[in-house]
Structures are given as structure tokens and as C-alpha cells.
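Observations on chain architecture
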Amino acid sequence: MIFKQEDLQEIHLNKTSFGYTLEQETWLDCLWLRNIGANDLGHLKITINGLRIFPRLEINEKEIWILLNQEFEVKSFAIELLGDFSIKAYKRKKNLLIAGRADAFGSRMSAFVTAIYLAEKLGFKFGFVWSQLDKDKSGVFMESAEELFEREFLQKHNYSDVLPLRGAGNTLCFKTLQELQEKPCREVWGTWVMNYYIPTKANLADLNTSEYKESFYKIFSNLPMKPRYKEQIANARAKAALIGDFVALHMRSGDSIETQYRRFVFCPVIHKYFFPVDLVIFAARHFIKLGFKVLLFGADSKANEAVSKVLDDEVKSGNFINAQTWSENLNETQRTIFEVCLMAEAKKTIANHSTFSKFAAFLGSQNELLNFNVYFTQKELYNAFIVPKMKDYLDISNVQKSVSCAYAYSLGRQIGVSFEERIRLLWLALEFDMCNSAYRVMLVEEFLRQKQIYRAEKYLENVINERGEEYLASLLLVLWNTHIVFKEQFKAYLENAKEEFPYICFCAAKICFFNGNITQAKKIMDLARIKESQNEMFLSFIPSLKEADSKVAFLTAKHRIHSHLAYKLGSAMILNSKSLWGYIRMPY
């Protein structure tokens, strides 16, 4: 039973000789039967408006819920069951609007606040599902609902025990408020709210954006969180009042750098999360020079300290503050709430792609959110990098350093730095993160783009023989089953798949196999084996090719057989021989 008892309204029933009638046709959600014996269910028969139905049942001790979920507009019904029983009929008071995100704070709270706003505005009941996140497993932490919210709020609005812990989709499933109100709802109980972003008229055409904005802070600040969490909202506002005008820098890391996502460093979807330490230092100096105080927000304590160390004079003058120093005695969730509310009070927030900073900026009344890639020119940013010039200057993790080099490399390609400099940046990134073959893939791509085919082949020979599986896994990376990371690089392998380059051929064959082109993969693999007939990795690929080829052959033969006239006639005979009328209509 999805609905809570308070979500339901009892409907008056008139008992008749054949069953029950309602005073008017009503979309019922459920029927409740009491005093049911365990042996009685085999005799249960349910008829709605004269038609027998087979609805889903939920059975508890001596009671049963018959779930109709408003699939029937009921005028009368009958229940056939041995023995005496009591019965009640219910319909929902309101459809549910459920915030269903299961990711980090910014995305989850964007859906949470939006769902409350829409529910209050349109007459739905707000609800949510909630799952705790383990930082060691997911890169981010999220407290349990039981720890964060007051008990009464949970009892009324938490549906985590009856609905999936993550809703359907990744965006709003309705384009207007009018569409949201149309019946039937997307789900039998109502609709998921799944926005990780702050909705605008581009997402909801009839959204009153000014009203939504005005409601946003009020809804969030009034959430019935337990006192130790709720008090962080007031603490943040008090701190902001003492500072005066400031610029917030949000240096996102952790879940996008120190986890497996670093393998996707060149995927645009992940690349946009990075705010390298070098560029944070550059941005801080820029805004301090303009007369602002600067507050740094970031989850990487070591990186935060490294920035503070470089900006020691600015720290001593009070113009640069590491916000983490104000939340050292708080637990993870207290710190998150304190920092998002403090960030909200900034005049400007400088970040890359981050739902946390977007949530904070919208929470604030005068907070201008700026992407550093747009605010500064590409040349300014490229020249601001420190790690590629002085690799030991910043006391940050090697992964952070590798990301600085990767970001500098990507900017360098866009502004046209030399081939030699691009290669140097990739080698340096690889030095800091030797197990990340994304950099090796880009090195090969650079060689191939410069027509240095023999150099690419020689490098591939060493890589394939030393760490072939790792390299191929990187080359064929797919993010979230959607984004093929190095799809743009595939073409160069296929164009250079020639007999004299067996290792390029091997990679090209793997690409064809990945793309489902088995015939082409076999042809290219034959070229690879002319010069490398005994290579163990090459040989280990052959069984996979043969197995895939046999499946293709079987499916092709099956299709040919099924398309043959004799097969079609035989199939028709079998089908029609099952009845007299079938025999009569046979075409002979």
C-alpha cells in the first residue's frame, strides 16, 4: 500500500442485496476488508460495475487491501467471500508529488524544494524517498533521513519504505504545470520530481519564475530539520553579515577527481566539473584585486590548505578565507548546510558545473553565478596554470596535479599551443597518474593527428604489451551507458589500420568489435596477424571474434529461413491446423 492512512478519504457505501453502491461514480484507490481468515482467500471474487477484476492484493493478519489505484470509476461493486467481514472504501485526497533523487546535496535538494513548491501551488501532497550515501563508495556523503529530519515530518512525507529509493528519469517528466495536473498521472500514485537543476521557463513553460525564486529560500529554511542541522542556516547568515561583500569560489573535487571518474577526465560531461587548484588561486587574486573578500569552498582539505598557503598574505590581511576552517567542529551534514547557506550570501559565486553552487546561488537573494571558463578568457586561464610550470610548487595530491595538466592540455588545444607542448602536458599528467590510460589514449591520438604513424605504432606496441587490457578499457570507455568517451578518436585508428601497423590494426579491430561490426573486425585482425602472428593478446581475441561471427551467421541464416516461402507456408499450416476455420481458410 503506497498511500498512508492520512492520504485516504473514506467513501460512504450503501449495502444492497447484490453488493455495495456509491452515491456517485468515484475513482476508488482501495477497498479494505477486515476479519479475513487465512482459508477464505481462495473464495475471493471481486466484481466492479458488473465486471470481474483481478486487482493486486496486500494481505496482513486478518485484513486485506484490494488495490484499485483509480483504474476504475466505481458506481457499484460486489465482494464474494466465505464468512462475515467488514469493508471500507477509500480514495486518495490528493495525488502525490515525490522528490526522488538519490545523489548529492545540490541535486537532491533542488528536486526536494521544487517538489514542495509545486505541491503547495497545485494541490498535490509532497513526499520523498531518501537513501544514505557512503563517501567511501560514492565519493560523496549524504546523511540518513532519520538523522536529518524531525520524526513527524518523516511519518507524514517519507515514502522510502513503499517506493523505489530513486525515482524514474533524470529530469522533470512534465513540460508545463498544466501538463503536471492532467490525469492520469505518470504513476498510479502521482508523479516523480527528478530535476537536478533549478527549473526555468525552458523546463516549465508556464512557471512563475519570480514566485518560485521568492519561495525557494523560505521553503528550504523552513524544512523541519533537527535543531543541530537547522541552526547552521542562522550560523551561516550571521557569519556572512560579519564578512560583508564577498565572492565565493567553489572548488569541486572529490567525487569528480579522486574516484574512478578521473578515468573520464577527457569526457566533456566530467571535464566540466573540474576547477583546478591553479585556477582557483588565479581567480582569488583577481577578485581580491577588485576589492572583494574571497571565500573558498571545497571538499578537498589538502587542496584548500595549499591554496591558503600560496595566498598567505591575503589570508593574513583577512581578504582570503578558507570556509572550511569555520566548520571544522561540524559533522559532514552540518558542514554541508552551513556552507551552502554561507555561499548563498555571496555577491558572486565562481564555479564550473556544480549543482551545489547552482543551488546555493539560487538560494541567495543577490548571488550572481559565474562560470570561470566564461568569465575569464581561455588564454588568461592557460597562462594561470602553476603545476605545468612548477610541478612541486603546490602541496596537493598527484591526482589533483594530473587534472591541472589535463585541463591545461584541453585549453592548450583550443588556443593552439604547439604539438610539443601538448605532448609535454600529457606526459606530465601521466607522471602524476600512471594508472590512468586516458592520457595514453590522447598521446596516441596526438601522434596520429600529426601523421606520426610509426611513432604511434611503436608507442602502442609498448603499451599493449605492458598494459594492454588497461589501455583498451580506456579507449572503449562508456560513461553512464551513454557517452562513448573517445568516439572522436576511433576514426584515426580505422584510417591507419594497415598491414605495416599491427598494433594500430589490433586497436581498430577492437573498435569495430565494440561497434558491432564483426566482419570488419575480422578483416582488420587478419591484417594485424600478418606481422604479429604469435602475439598472445592478439590470439586471445580470436575466440571472441569467432563466437560473435557464428552468432551473426546463425541470426542471418535464421532470417533467411524465416523469409523463405516454404517456411512461411509451413508456419501458416501449423497455425491454421488448430481449428476447422483455419483449415477452411488455408490457401490451397
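Please refer to the structure placed before this passage.
Quick summary incoming for the structure in this document. Keep in mind the model is a prediction, meaning the values are calculated, not measured.

Looking at the secondary structure, you find arginine 101 in the loop between strand E11 (96–99) and helix H1 (105–122). Residues arginine 101 and leucine 154 lie 53 residues apart in sequence; the distance between their C-alpha atoms is 16 Å. Once residues lying within four places of it in the same chain are set aside, the contact partners of arginine 101 are Ser107, Arg108, Ala111, Val129, Arg166, Asn170, Met194, Asn195 and Tyr196. Looking at arginine 101, its side chain comes within polar contact range of the side chain of aspartate 103, at 2.7 Å. Engagement of the side chain of arginine 101 in a polar contact is seen with the side chain of asparagine 170, the distance being 2.8 Å.

Between helix H19 (residues 453–475) and helix H21 (residues 502–514), the shortest axis-to-axis distance is 7 Å and the interhelical angle comes to 40°. The angle between H19 and H21 falls in the class oblique. Where H19 approaches H21, its residues Ile453, Glu457, Leu460, Glu461, Ile464, Asn465, Tyr471, Leu472 and Leu475 are matched on the opposing element by Pro502, Tyr503, Ile504, Phe506, Cys507, Lys510 and Ile511. Split into classes, the residues belonging to the contact of H19 with H21 amount to 12 nonpolar, one polar and three charged.

On to unusual backbone geometry. A cis amide bond, omega 0°, links lysine 183 with the succeeding residue proline 184. Residue position: proline 184 is located in the loop between helix H5 (177–181) and strand E13 (190–193). A positive phi angle, close to 55°, is found at tryptophan 480, a residue other than glycine. In this fold, tryptophan 480 is placed in the loop between strand E19 (478–479) and strand E20 (483–484). In this structure, asparagine 481 takes a positive phi of about 60° despite not being glycine. Note that asparagine 481 resides in the loop between E19 and E20.

It is worth spelling out the nonpolar core at this point. Within soluble globular proteins, side chains that are nonpolar tend to cluster in buried spots. Membership of the largest hydrophobic core comes to 105 residues, with the highest contact counts inside it found for Phe266, Tyr471, Leu475 and Tyr493. If we ignore the near neighbours within four places in the chain, the residues touching leucine 475 are Val441, Phe486, Phe490, Tyr493, Cys507 and Ile511. Counting residues in hydrophobic clusters, the runner-up holds 64 residues, among them Phe105, Phe149, Ile219 and Phe362.

Attention now moves to the sheet that holds strand E16 (residues 320–322). The strand order across the open sheet built from five strands is E16-E15-E14-E17-E18, with neighbouring strands paired in parallel fashion. At either end of the open sheet lies a strand with only one pairing partner, and these are E16 and strand E18 (368–371). Between one strand and the next, the sheet's axes are offset by a mean angle of 20°, whatever the strand orientation. Pairing geometry for strand E15 (residues 293–298) and E16, over three bridges, is parallel. Within E16, the residue paired with leucine 295 across the bridge is isoleucine 321. Strands strand E14 (246–251), E15 and strand E17 (348–351) of the sheet are contacted by helix H12 (residues 332–344), whose axis makes an angle of about 145° with E15.

This part covers the packing of aromatic side chains. Following the criterion strictly, the structure yields 45 aromatic pairs and no others. Pairing phenylalanine 126 with phenylalanine 153 gives two aromatic rings, centres 6.4 Å apart and planes at 25°, and the pair type is stacked. Placement of phenylalanine 126 in strand E12 (residues 125–128) and of phenylalanine 153 in helix H4 (residues 151–157) is noted, with a sequence separation of 27 residues between them. Residue class for phenylalanine 153 comes out buried when judged on its relative accessible area of 10%. Aromatic side chains phenylalanine 275 and phenylalanine 372 sit 4.2 Å apart centroid to centroid with 20° between the ring planes, which places their arrangement in the stacked category. Here phenylalanine 275, found in the loop between helix H8 (268–271) and helix H9 (277–289), pairs with phenylalanine 372, found in helix H14 (residues 372–375); they are 97 residues apart in sequence, far enough to count as distant. Residue classification places phenylalanine 372 among the buried positions, given a relative accessible area of 1%. Aromatic rings pair up to connect Phe105, Tyr117, Tyr212, Phe216, Phe220, Phe356, Phe359 and Phe362 into one cluster. Between lysine 239 and the ring centre of tryptophan 326, over which it is positioned, the NZ or CZ distance is 4.6 Å.

The rules behind each value
- Residues numbered from 1 in each chain as written.
- Predicted model: local features only at pLDDT ≥ 70, side-chain atom pairs only at ≥ 80, totals over all residues.
- Heavy atoms only, no water.
- Helix = DSSP H or I, 4+ residues; strand = E, 2+ residues; numbered from the N terminus.
- Contact = heavy atoms within 4.5 Å.
- Polar contact = N/O pair within 3.5 Å; in protein donor to acceptor, adjacent residues only side chain to side chain.
- Axes fitted to C-alpha atoms, helices over the stretch in contact; angles between N-to-C directions.
- Parallel < 35°, antiparallel > 145°, perpendicular 65-115°, else oblique.
- Nonpolar A, V, L, I, M, F, W, Y, C, P; charged D, E, K, R; others polar.
- Core = buried A, V, L, I, M, F, W, Y, C linked by side-chain atoms within 4.5 Å.
- Buried < 20%, exposed > 50% of the residue type's maximum accessible area, 1.4 Å probe, protein only.
- Pairing = 2+ DSSP bridges.
- Phe/Tyr/Trp six-rings, centres within 6.5 Å; stacked < 30°, edge-to-face > 60°.
- Lys NZ or Arg CZ within 6 Å of the ring centre and 35° of its normal.

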